[in-house]
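Here's the letter readout for the chains.
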Amino acid sequence: MNEDRIRLIAGAVALLYLAFIVFKLRTQQLSVNSSLMWLLSGLIMLLLTVFPGLIYWAAQLAGFEVPSNAVFVLWLLTLTALSFSQAVALSKNGDQLRKAAQDNALLRQVLEESKSKGSSASQGDAS
Amino acid sequence: MDMSGKTTGARHAVEFAPRRESDSLSQTGASGGHTETVKDLRVLIIVPALNEAESLEHLLPELYLKCPQFDFVVVDDGSTDRTADVARSLGPRTLLELPFNLGIGGAVQCGIRYAFEQGYDVCVQCDGDGQHDPAEIESLVSALVEQGADLAIGSRFINSGGFRSTFARRVGIAVVSSWIQLFSGRRISDPTSGFRAMSRRLMKEFSNEYPRQYPEPESIYAALHRGFRVAEHPVRMRVRRGGQSSIRSLESALYVVKICIAIAVDALRRTGNPARK
């Protein structure tokens, strides 16, 4: 009875979670590329609430004494992998941003130089 | 008044600024015979600056006075004070304005890219805080040319004299120095010195990739690791006129650790020996 209630809540949470990801995708606040891991995690959540036997089976296979520990470890590894992949993506972004900022400064210099050349030339015409 | 015209037009006409009497005899002698070669080079002085308006008001006129034969460019690293205005008031060729703060590595790299794109033979980094005396630039460039080096580091530890930093800093510098020696076999006495001259070959390499956070020691190791020649030349340093060191005291210990990690990481990388190309 208790277990059914937990499964119901977990299933609802998983559905909400998936719906939220799809909403973010639809409004283009999340790129399809980076959504894959999140969608997958939501689907696994849903799968496990529908077939909780999978957890018991997997935990026993890996040698966990308490099945919930298997869930914790799995979730921890998933989150670590996700945050690491984000650190990698951020580093790449930083590199691109640095180059773009430098390009901006270099182009601006050229622009200001040509502008001042133009103004001094027009002054010369006037005199 | 267009002062920028002077920096290009007067390069060959203007004689070198008189040397200071405090310069050692060997320096004067060394650069004396080779003034012609240095004179024919196009040299750009890169002045990275973060909120250094006050100091630049002194430094930039000093650069015009002491290095009339060289061009210079201020790289404003997202300053919130009048740094850009001070630089701009001296002509449009004298300012690269970054849209936001990149840190010293990104700022210096921007200057290096500019120097490379504009076809300069040599670029010199001279920090905007007034620590580096423009009177020393010519001899630094001479050292680069005479020793056939790609990177000439102005070292405050070779000869005595001038401002030599605090004791804690010197300990940190010694650690970094030994670390570089461990990985490269070369002893560099002043690896954190930001006063340095660079050849066009090295500019090309550093345009593509330049260390970000602690560029001074890292770039020395990066140059050595890629087969470039690194030389040292004695300089005197002054006490900074304004602003704050990019290395704050509390972060010093961490600074040393991070540099050591960065150098070890670079040591693990394959470089393909770009210096040979």
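You'll find the structure just up there.
About the cut-offs
- Residues numbered from 1 in each chain as written.
- Chains lettered and ligands numbered in written order.
- Predicted model: local features only at pLDDT ≥ 70, side-chain atom pairs only at ≥ 80, totals over all residues.
- Heavy atoms only, no water.
- Helix = DSSP H or I, 4+ residues; strand = E, 2+ residues; numbered from the N terminus.
- Contact = heavy atoms within 4.5 Å.
- Areas by Shrake-Rupley, 256 points an atom, 1.4 Å probe, with all protein chains shown as cover.
- Axes fitted to C-alpha atoms, helices over the stretch in contact; angles between N-to-C directions.
- Parallel < 35°, antiparallel > 145°, perpendicular 65-115°, else oblique.
- Left-handed = near helix turned anticlockwise from the far one by under 90°.
- Nonpolar A, V, L, I, M, F, W, Y, C, P; charged D, E, K, R; others polar.
- Pairing = 2+ DSSP bridges.
- Salt bridge = Lys/Arg side-chain N within 4 Å of Asp/Glu carboxyl O.

A. Broad picture of the overall build of chain B. Of the regular secondary structure elements, chain B holds eleven helices and seven strands. Within chain B, contacts between residues at least 6 apart in sequence are counted, and of these 78% link residues at least 24 apart. Total accessible area on chain B is roughly 11,900 Å²; 55% of this is exposed by carbon and sulfur atoms.

B. A look at the packing of helix H6 (residues 104-117) of chain B against helix H9 (residues 200-208) of chain B. All names here are of chain B. Between H6 and H9, the least distance of the axes is 9 Å, while the angle of their chain directions is 130°. In terms of axis orientation, H6 runs oblique to H9. Between H6 and H9 lies a crossing whose hand is left-handed. Contacts between H6 and H9 involve Gln109, Ile112, Arg113, Ala115 and Phe116 from the former and Arg200, Met203, Lys204, Phe206, Ser207 and Asn208 from the latter. Of the residues in the contact of H6 with H9, the class split is five nonpolar, three polar and three charged.

C. Seen up close, the sheet that holds strand E4 (residues 122-125) of chain B. All names here are of chain B. With respect to topology, seven strands assemble into an open sheet ordered E3-E2-E1-E4-E6-E5-E7, the strand pairing being mixed. Sheet topology places strand E3 (95-97) and strand E7 (230-234) at the edges, where each strand pairs with a single neighbour. Pairwise comparison of adjacent strand axes, ignoring direction, gives a mean angle of 20° for this sheet. Sheet topology places strand E5 (residues 151-155) next to E7; five bridges connect them, and they run parallel. Bridged to Ile153 within E7 is Glu232.

D. Looking closely at the pattern of salt bridges. Following the criterion strictly, the structure yields 19 salt bridges over all chains and no others. Notably, a salt bridge pairs A:Asp95 with A:Arg98, separated by 3.3 Å at the nearest N-O pair. Of this pair, A:Asp95 and A:Arg98 both sit in helix H4 (residues 67-126), three residues apart, which is roughly one turn of that helix. Where salt bridges share partners, they join A:Arg108, A:Glu112, B:Asp85, B:Arg88 and B:Glu97 into one cluster.

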